[in-house]
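For reference, the chains in residue letters:
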Amino acid sequence: MLEEYERFTDPGTIKELELLAKDLKGVRVLHVNSTKEGGGVAEILHRLVPLMNELGIECHWEVIRGDEEFFRVTKKLHNLLHMPGGKTLEPSDVVTYMRYTFENAAHIDTDPYDIVFVHDPQPLGLIVKKKKGQRWVWRCHIDVSSPEEEAWKFVETFVNSYDATVFHIPEFVREGVKVPTFIIPPSIDPLHEKNVELEEEFVRSVVERFGIDPERPIILQVSRFDRLKDPFGVIEAYRIVRKRIDCQLVLAGSFASDDPEGEEVYSEVLKAKGEDPDIHVLNLPPDSHIEINALQRGADVVVQKSVREGFGLTVSEAMWKGKPVVGSNIGGIRRQIINGVTGYLVNSTEGTAFRIKQLLLDEDLKRRLGRNAKERVRRSFLITRHLKDYLILIHSLLKGL
Ligand code: UDP
């Protein structure tokens, strides 16, 4: 499987991975997160885990369990760590969090592993299980640089009990993280169903199946139904564009099993759509990879208007398909889009509408930025680069930090 990546990467990349993994044969690695499906973390683990195994690392993946109450608390915690505001953690929330942490600690066997990667705040408390000789790493996928103070205080003790932390970009690191920090941006997999090449005819048939007109311009945002993805702002921007250009908006999304707010946001988005037949709100099953792929390929402009964003894998996914992305000038989106070269970074709804219009009216510009976007992803955001970063991290963990 690894050699199949050779056609996307620079010469020598696969050899380099094999060399890096040579001394790591038989090292036992566990990844723990909170959902098997939905969201970027699961997306990456689905591919990274088998590739690590192929390189000789004994790599497993476990998912913590929890009921609605637990995920309500972790979602609250997630939002509070992402940004201040909103309801603070109640003592009863802390009790719920700890109760499930201990329940998960009881059923997830972390003992046989040399290295345990714990993803995001939901399973963070599992560090209570750390055994002597093991290395535990907290892989944080969100921006915790300016959290709500009380929420941060709650997680801080856990975080500093790890051997190391990993963040997507340096700006996301919170002061007060006292353990070594590594910077590893996420990646996309060009061989995933979500990203493989598709026949134009197939793309067209998927677009039509959803009732979208392939002959008129399509603006697309792919995102879980979550306020932080600002679907309402996207609708507003589309309405501004629509005054000038006869176009369509597609909001494709789903609910993640660890996000209790999804349904509520979905129905609000439907309300915001109103009677407009050119706004398509698609609530897709979580395994609709080929459909998302086709929608991204069928779109003229892809938008990612998030208010906060860990990384925004959807940005790289669209860029890989040669699409110029108009994305918020925040977090990981800023890392992916080079303004004016591979897409546009925007700071407002009006700005979003302006850039969408510019791209829809200038076919050459659209094509040029799209071409650059693809090359940017090829160089910096493919899974082979990610794998290399993990191998280097494992080397340094085992050699002592
Ligand atoms: N995704 C999907 N179906 C959807 C919405 C999102 O398959 O209805 C995928 C999307 O293609 C991407 C991931 O879920 O691979 C979302 O990752 P991102 O980093 O953009 O956002 P997150 O959901 O992790 O905040």
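Residues numbered from 1 in each chain as written. Predicted model: local features only at pLDDT ≥ 70, side-chain atom pairs only at ≥ 80, totals over all residues. Heavy atoms only, no water.

**Q** What's the story with the layout of surface pockets in this structure? I'm lost.
**A** The gaps of empty space that remain are located by a probe, the size of a water molecule, rolled over the atoms. Space inside the second largest pocket adds up to approximately 640 Å³. In terms of lining, the second largest pocket is formed by 24 residues, of which the most central are Arg 297, Gly 298, Ala 299, Asp 300 and Lys 323. For the lining of the second largest pocket, the elements supplying multiple residues, two or more each, are α6 (200-209), α9 (289-298) and α13 (363-380). If one sorts the elements of the lining of the second largest pocket by residue count, α13 sits on top with 5 residues. Of the residues in the lining of the second largest pocket, the class split is 8 nonpolar, 3 polar and 13 charged. (1 Å grid on protein atoms, 1.4 Å probe; cavity = no way out; pocket = protein on both sides within 12 Å on 5 of 7 lines; lining within 4 Å. Points joined across faces, edges and corners; volume = space filled by probe spheres on them. Helix = DSSP H or I, 4+ residues; strand = E, 2+ residues; numbered from the N terminus. Nonpolar A, V, L, I, M, F, W, Y, C, P; charged D, E, K, R; others polar.)

**Q** Would you take a moment to explain the sheet that holds strand β7 (residues 218-222) for this structure?
**A** Two modes of strand pairing occur in sheets, parallel and antiparallel, and in both the strands are linked by backbone hydrogen bonds. Spatially, β9-β8-β7-β10-β11-β12 is the arrangement adopted by the 6 strands of the open sheet, whose pairing is parallel. The open sheet has two edge strands, β9 (279-283) and β12 (343-346), and neither has a second partner. When the angles between neighbouring strand axes are averaged without regard to direction, this sheet yields 20 degrees. (Pairing = 2+ DSSP bridges. Axes fitted to C-alpha atoms, helices over the stretch in contact; angles between N-to-C directions.)

**Q** Looking at this model, I keep getting lost on the side chain of His 192. Mind explaining?
**A** Here His 192 shows up in the loop between β6 (181-183) and α6. Residue classification places His 192 among the buried positions, given a relative accessible area of 9%. A distance of 2.8 Å separates a polar atom in the side chain of His 192 from the backbone nitrogen of Lys 194. The contacts of His 192, once residues within four sequence positions are left out, are Glu 43, Arg 47 and His 289. (Buried < 20%, exposed > 50% of the residue type's maximum accessible area, 1.4 Å probe, protein only. Polar contact = N/O pair within 3.5 Å; in protein donor to acceptor, adjacent residues only side chain to side chain. Contact = heavy atoms within 4.5 Å.)

**Q** Teacher, can you tell me more about the nonpolar core here?
**A** Soluble globular proteins tend to pack their nonpolar side chains together in the buried interior. In terms of nonpolar packing, the biggest core is built from 69 residues, with Phe 117 and Ile 394 touching the most fellow members. At 8 residues, the largest contribution of residues to this core is made by helix α2 (residues 40-54). (Core = buried A, V, L, I, M, F, W, Y, C linked by side-chain atoms within 4.5 Å.)

**Q** Would you take a moment to explain the site of the ligand for this structure?
**A** Residues in close proximity to the ligand total 16 residues, the closest being Gly 40, Arg 224, Lys 229, Leu 313 and Glu 317. At a separation of 2.9 Å, an oxygen atom of the ligand approaches a polar side-chain atom of Lys 194. If you list the elements that add at least two residues to the shell around the ligand, you get α2 and α10 (313-320). No other element matches the 3 residues that α10 contributes to the shell around the ligand. Grouping the amino acids of the shell around the ligand by side-chain chemistry returns 3 nonpolar, 7 polar and 6 charged. (Near = heavy atom within 4 Å.)

**Q** How should I be thinking about the sheet that holds strand β4 (residues 135-139) in this particular structure?
**A** Taken in spatial order, the 6 strands line up as β2-β1-β3-β4-β5-β6 in an open sheet, and their pairing is parallel. Across the chains shown, the open sheet's two edge strands, defined by having one partner strand only, are β2 (58-63) and β6. Each neighbouring strand pair of the sheet contributes to a mean axis angle of 20 degrees, computed without reference to strand direction. Two strands pair when backbone bridges link them, and strand β1 (residues 28-33) and strand β3 (residues 115-119) are joined in this way by 4 bridges, in the parallel orientation. Within the sheet, the bridge partner assigned to Val 32 lies in β3 and is Val 118.

**Q** Would you explain the pattern of salt bridges in this entry?
**A** Scanning all chains against the criterion turns up 35 salt bridges. Salt-bridge contacts for Arg 367 lead to Glu 363; the nearest nitrogen and oxygen are separated by 3.6 Å. With Arg 367 and Glu 363 both in helix α13, this residue pair falls 4 residues apart, about one helical turn. Salt bridges here are not isolated pairs; linked through shared partners, they connect Asp 213, Arg 216, Arg 242, Asp 246 and Asp 278. (Salt bridge = Lys/Arg side-chain N within 4 Å of Asp/Glu carboxyl O.)

**Q** Before we go on, may I ask you to explain the side chain of Arg 385 in this structure?
**A** For Arg 385, the location among the structural elements is in helix α14 (residues 383-399). Residue Arg 385 is classed as buried on the basis of its relative accessible area of 18%. At 2.8 Å, the side chain of Arg 385 and the backbone oxygen of Ser 380 are in polar contact. Looking at Arg 385, its side chain comes within polar contact range of the side chain of Asp 389, at 3.0 Å. Beyond its immediate sequence surroundings of up to four residues, Arg 385 is in contact with Ile 184, Pro 185, Pro 186, Ser 187 and Ser 380.

**Q** Is there a simple way to explain the packing of helix α7 (residues 231-242) against helix α12 (residues 349-361) in this structure?
**A** Relative orientation and spacing of two packed helices are given, respectively, by the angle between their axes and the distance between those axes. Interhelical geometry of α7 versus α12 gives an angle of 50 degrees and a closest axis separation of 8 Å. Of the possible angle classes, the one that applies to α7 and α12 is oblique. Here the hand of the crossing between α7 and α12 comes out right-handed. In this structure, α7 contributes Gly 233, Glu 236, Ala 237, Ile 240 and Val 241 to the contact, and α12 contributes Thr 349, Glu 350, Thr 352, Ala 353, Ile 356, Lys 357 and Leu 360. (Parallel < 35°, antiparallel > 145°, perpendicular 65-115°, else oblique. Left-handed = near helix turned anticlockwise from the far one by under 90°.)

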